[in-house]
Amino acid sequence: MEPVAPSAEEVKGALRRLASSVAIITSHWNSRPMAMAATAVNGLSLSPPSLLVCVNQAAALYGALNDRARFCVNILGQDHLELAQRCGGQVAGAERFSTGAWGEDADGVPFLEDAQASLSCVCDDSLVYGTHGVFVGKITSVRMHGEIAPLIYADARYCGASQTLQL
């Protein structure tokens, strides 16, 4: 007998307990800058240096990544709450770049100058799973700024790391 699959609400409730750093994924595609807040970002390998980015197929950024456009993963600090909210849906399109310290790399890909870290990538591989595309970004450059104080998303709320546990 096959086990009963959990409901969407059960899965959503469980995943709300998975705290994740917040990033803004940026690209420049079809002559326009793009930005999207995301928590589905993870390191993949140091050899070659790479990471994974998961993007819903309904998101505007999906088309750019699916076309293998260069992109940047900007890891946000606790002081970037407003940017996370703007790029998470409060505003659309180029208006997402109207606040914040944005620069452009040699390929015209926007990066956040005061992000905890910005990792520029080329899309090296991808697959579609359900509603999302999973993209492997081969890291081509890294920029770091400030102390480590990440913006974290858990239980549908933003927070910061409030304490360090000693082992």
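Right above here is the structure, for reference.
As the structure is a computational prediction, the values presented were derived from the model and not from experiment.

*Asks:* Please clarify how the sheet that holds strand E12 (residues 157-160) should be interpreted in this entry.
*Replies:* In any sheet, the strands associate via hydrogen bonds between backbone groups, in a parallel or an antiparallel arrangement. Pairing within the open sheet is antiparallel, and its 3 strands lie in the order E1-E11-E12. In this open sheet, the two strands that pair with only one neighbour each are strand E1 (20-21) and E12. Bridge count between E1 and strand E11 (residues 151-154): 2 bridges; the pairing is antiparallel. Its bridge partner lying in E11, Ser-21 is registered against Ile-152.

*Asks:* Before we go on, may I ask you to explain the packing of aromatic side chains in this structure?
*Replies:* The description of two aromatic rings rests on the distance between their centres and on the angle between their planes. Under the criterion given, the structure shown has 3 aromatic pairs. Between Tyr-62 and Phe-135 the ring centres are 5.7 Å apart and the planes differ by 65°, which places this aromatic pair in the edge-to-face class. With Tyr-62 in helix H2 (residues 60-66) and Phe-135 in strand E10 (residues 132-144), this residue pair connects regions lying 73 residues apart in the sequence. For the pair Tyr-62 and Phe-135, one class covers both residues: buried.

*Asks:* Looking at this structure, how should I read the nonpolar core?
*Replies:* The nonpolar side chains of a soluble globular protein tend to be buried with one another. Within the largest apolar cluster, 22 residues are counted, with the highest numbers of intra-cluster contacts made by Ile-25, Leu-51, Val-53, Val-55 and Phe-71. Looking at this core, the elements with two or more residues in it are strand E2 (23-29), strand E3 (32-38), strand E5 (49-56), H2, strand E6 (71-75), strand E9 (117-129) and E10. By size, the runner-up hydrophobic cluster in this structure holds 13 residues, among which are Ala-35, Ala-84, Phe-97 and Trp-102.

*Asks:* Would you take a moment to explain helix H3 (residues 81-90) for this structure?
*Replies:* For the α-helix, the turn length of 3.6 residues means that residues three or four positions removed from each other point alike. Within H3 the residues assigned to the buried category are Leu-83, Ala-84, Arg-86 and Cys-87. Buried residues of H3, viewed axially, fall in a sector of 165°; they line one side. When the buried face of H3 is taken as reference, the exposed residues oriented beyond 90 degrees from it are Gly-88 and Gln-90. On its buried face, H3 sits against E2, E3, strand E7 (102-104), strand E8 (110-112), E11 and E12.

*Asks:* Is there a simple way to explain the sheet that holds E5 in this structure?
*Replies:* The strand order across the open sheet formed by 7 strands is E3-E2-E6-E9-E10-E5-E4, and the pairing between neighbours is antiparallel. Two strands in the sheet have a free side with no partner beyond their single neighbour: E3 and strand E4 (41-46). Geometrically, the sheet is characterised by an average inter-axis angle of 30° between neighbouring strands, direction not taken into account. The strands touched by H3 within the sheet are E2 and E3, with E3 carrying the most contacts at an inclination of about 110°.

*Asks:* Can you help me understand the side chain of Gln-116 in this one?
*Replies:* Of note, Gln-116 is situated in the loop between E8 and E9. A relative accessible area of 17% means that Gln-116 is categorised as buried.

*Asks:* I keep staring at the environment of Asn-42 and nothing clicks. Help me out?
*Replies:* Position of Asn-42 among the secondary structure elements: in strand E4. With 94 residues separating them in the primary sequence, Asn-42 and Val-136 have C-alpha atoms 9.8 Å apart. Those residues in contact with Asn-42 that sit more than four places away from it in its chain are Leu-51 and Leu-52.

*Asks:* Teacher, can you tell me more about the side chain of Ser-27 here?
*Replies:* Topologically, Ser-27 is positioned in strand E2. In this structure Ser-27 touches Arg-32, Pro-33, Met-34, Leu-61, Ala-64, Ala-69, Arg-70, Phe-71, Val-109 and Pro-110, once residues within four positions along its chain are discounted.

The rules behind the values
- Residues numbered from 1 in each chain as written.
- Predicted model: local features only at pLDDT ≥ 70, side-chain atom pairs only at ≥ 80, totals over all residues.
- Heavy atoms only, no water.
- Pairing = 2+ DSSP bridges.
- Helix = DSSP H or I, 4+ residues; strand = E, 2+ residues; numbered from the N terminus.
- Phe/Tyr/Trp six-rings, centres within 6.5 Å; stacked < 30°, edge-to-face > 60°.
- Buried < 20%, exposed > 50% of the residue type's maximum accessible area, 1.4 Å probe, protein only.
- Core = buried A, V, L, I, M, F, W, Y, C linked by side-chain atoms within 4.5 Å.
- Arc of directions from axis to C-beta.
- Contact = heavy atoms within 4.5 Å.
- Axes fitted to C-alpha atoms, helices over the stretch in contact; angles between N-to-C directions.

Shape descriptors only; they carry no functional weight alone.
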